[in-house]
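Structural features, examined
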Amino acid sequence: MPRILDGNRIRDEITSECRPRVEKLTTLQRPPGLAVVLVGHNPASEIYVRNKVKTSHELGIHSETLMPPETVTTGELLAVVDELNRRPEIDGILVQMPLPPHVDSKRVLLAVSPEKDVDGFHPCNVGNLATGRPGPRSCTPAGIIEMLKRYQIPIAGKRAVVVGRSDIVGKPMALMLLHENSTVTICHSKTPDLAAVCREADILIAAIGRAAMITADYIRPGATVIDVGMNRLDNRADVERIFPAGRPGAAEKLEAFARRGTLLIGDVHPLDVLEKASAYTPVPGGVGPLTIAMLMVNTIDSAERRIVVC
Ligand code: NDP
């Protein structure tokens, strides 16, 4: 059986390291401050934001959620960000994506002060990452690097394949692996013979958004497989296609679907990965918990830079 890379365990390790840093800042001057901007009523975004705020509170980070209505204009949102940029007790600003289609998301993200950009999405910070300078890093890929290191999975000299080239996950993931001295290939929807490229990987990262797309024939025996995908299945036919009756392990998945009417599944086939990988991240409980932990780290890093400077 492959090793399970337990995201909850690594999250707990990271957050317990955060606690004394928050206490020190609070004693020195004030707690770190995180502002989350949540527009409208997107149920998935509401859950993400609730979890981010909850973790902040548990750590003693001051956090506040601003909730402009769905009808907010780009100009009004820019004014909200501008005010947060000016407030000295706010160290981190997070604008929860996606924004409504009528809002110019790129303009809003560009308006966040790079020093408070705890998501690491601002072009300045993307440039800092590309050129190996310090600055906030995109939380999901940063969490994956932490996980690989804490499980002592070698990265240097290894072949890494990243499937997905989004600005949020795929591209920063590839850059971080490159900085750790792996040989990196980035794949996307136009990559020919994707399975053959993936089979070259010692470390395979799937950040696609397609349920169970990475099957056994994409995985080199003994590879480390990191599954970023979070796909909610709500159609029984899809569940039965991915988990055909009679396959060992399928009955549990079908039962879970029957109980809840929905099944959360990654981009990697959860049964195939057991047959081929030497280590893998489960969904849920793999990459997901790390994203919030790294947001806390970015917020505390920002507060330390700003409070020391004050
Ligand atoms: P995007 O939709 O922005 O990017 C998806 C990428 O996958 C694109 O580069 C796309 O290629 C590529 N892709 C799509 N279909 C295929 C295919 N058939 N073959 C090869 N490549 C393909 O998604 P994100 O990067 O934002 O997210 C990816 C997944 O990770 C989602 O499931 C998301 O929910 C999850 N996620 C999880 C997080 C966590 O904390 N666990 C955090 C962030 C995301 P192309 O560019 O050519 O279109």
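Residues numbered from 1 in each chain as written. Predicted model: local features only at pLDDT ≥ 70, side-chain atom pairs only at ≥ 80, totals over all residues. Heavy atoms only, no water.

Here we come to the overall build of the protein. Broken down by element type, the protein carries 12 helices and 11 strands. For the protein, whose C-alpha radius of gyration is 20 Å, the value lies close to the compact-globule estimate of 19 Å for 310 residues. Reported as C-alpha extents along the three principal axes, the dimensions of the protein are approximately 60 × 45 × 35 Å. Counting only residues that meet the buried cut, the protein has 49% of its 310 residues in that class. Within the protein, contacts between residues separated by at least 24 positions form 72% of all contacts whose residues are at least 6 apart in sequence. Taken as a whole, the protein presents about 14,500 Å² of accessible surface, with 55% of it coming from carbon and sulfur. Each charge class in the protein was averaged separately, 37 positive and 36 negative side chains, and the resulting centres sit 3 Å apart. (Helix = DSSP H or I, 4+ residues; strand = E, 2+ residues; numbered from the N terminus. Rg over C-alpha atoms; globule rule 2.2 N^0.38 Å. Buried < 20%, exposed > 50% of the residue type's maximum accessible area, 1.4 Å probe, protein only. Contact = heavy atoms within 4.5 Å. Areas by Shrake-Rupley, 256 points an atom, 1.4 Å probe, with all protein chains shown as cover. Lys, Arg positive; Asp, Glu negative; His and termini not counted. Charge placed at Lys NZ, Arg CZ, Asp CG, Glu CD.)

Further remarks concern the packing of helix H1 (residues 7–28) against helix H6 (residues 139–150). Interaxial distance between H1 and H6 falls to 10 Å at its minimum, and their mutual angle equals 100 degrees. When the interaxial angle is binned, H1 and H6 end up roughly perpendicular. Note on element contacts: H6 touches H1 through Glu 146, Met 147 and Arg 150, opposite Gly 7, Ile 10, Glu 13, Ile 14 and Glu 17. (Axes fitted to C-alpha atoms, helices over the stretch in contact; angles between N-to-C directions. Parallel < 35°, antiparallel > 145°, perpendicular 65-115°, else oblique.)

Our focus in this paragraph is H1. The terminal C-alpha atoms of H1, which comprises 22 residues, lie 32 Å apart, in line with the 32 Å expected from a rise of 1.5 Å per residue. When H1 is considered as a whole, its buried residues turn out to be Gly 7, Ile 10, Ile 14, Thr 15, Cys 18, Val 22 and Leu 25. (Expected span 1.5 Å × (residues − 1).)

By nearness alone, 21 residues border the ligand, and Arg 165, Ser 166, Ser 189, Met 230 and Thr 291 come closest of all. The contact in question runs from an oxygen atom of the ligand to an N or O atom on the backbone of Val 228, over 3.5 Å. The backbone of Met 230 places a nitrogen or oxygen atom 3.1 Å from an oxygen atom of the ligand. Taking 930 Å² as the accessible area of the ligand by itself, protein coverage stands at 71%. (Near = heavy atom within 4 Å. Polar contact = N/O pair within 3.5 Å; in protein donor to acceptor, adjacent residues only side chain to side chain.)

Turning our eyes to something else, we now look at the domain arrangement of the protein. If you check the domain split of the protein, you get domain 1 (30–116) and domain 2 (139–230 + 266–289). Measuring from the centre of the C-alpha atoms in domain 1 to the corresponding centre in domain 2 gives 29 Å. (Domains from an automatic or database assignment.)

All right, on to the pattern of salt bridges then. Pairs may arise between side chains of opposite charge once their charged atoms sit close together. All chains considered together, the criterion is met by 22 salt bridges. A salt bridge links Arg 21 to Asp 301; the shortest N-O distance between them is 2.5 Å. Of this pair, Arg 21 sits in helix H1 while Asp 301 sits in helix H12 (residues 288–309), and the two are 280 residues apart along the sequence. Among the ionic pairs, Arg 306 bridges to Glu 115, the shortest N-O distance being 3.5 Å. With Arg 306 in helix H12 and Glu 115 in the loop between helix H4 (105–111) and helix H5 (123–130), this residue pair connects regions lying 191 residues apart in the sequence. Taking the relative accessible area as the measure of exposure, Arg 306 reaches 13% and is therefore buried. Among the charged side chains, a salt-bridge network with shared partners connects Arg 9, Glu 13, Glu 17, Glu 146 and Arg 150. (Salt bridge = Lys/Arg side-chain N within 4 Å of Asp/Glu carboxyl O.)

On to the pairing of strand S3 (residues 62–66). One ladder, built from five bridges, connects strand S2 (residues 33–37) with S3; its direction is parallel. Bridge pairing links Ala 35 to Glu 64 in S3. Assessed by its sense of winding, the connection that carries the chain from S2 through helix H2 (residues 43–59) to S3 is right-handed. (Pairing = 2+ DSSP bridges. Right-handed = clockwise from strand over helix to strand, strands pointing away.)

Tracing the sequence through the fold places Met 173 in helix H7 (residues 170–179). Met 173 gets classed as buried once you look at its relative accessible area, which sits at 0%. Considered as a pair, Met 173 and Ile 186 are 13 residues apart in the sequence and their alpha carbons are 9.5 Å apart. Once residues lying within four places of it in the same chain are set aside, the contact partners of Met 173 are Pro 141, Ile 144, Ile 145, Val 162 and Ile 205.

Looking along a regular strand, one sees side chains alternate from face to face of the sheet. In terms of strand pairing, strand S5 (residues 159–163) meets strand S6 (residues 183–187) through five bridges, oriented parallel. Bridging across to S6, Val 163 finds its partner in Cys 187. A crossover links S5 with its parallel partner S6, the connecting element being H7, and its sense is right-handed.

A few words now on the sheet that holds S6. Sheet architecture is open: six strands sit in the order S1-S11-S8-S7-S5-S6, paired in parallel fashion. For this open sheet the edge positions go to strand S1 (3–4) and S6, each flanked by a neighbour on one side alone. Summarising the sheet, S1 and strand S11 (residues 279–280) pair through two bridges and their orientation is parallel. Following the sheet pairing, Arg 3 is matched in S11 by Ala 279. Packing of H7 onto the sheet brings it into contact with S5, S6 and strand S7 (203–206), and relative to S5 it is tilted by some 170 degrees.

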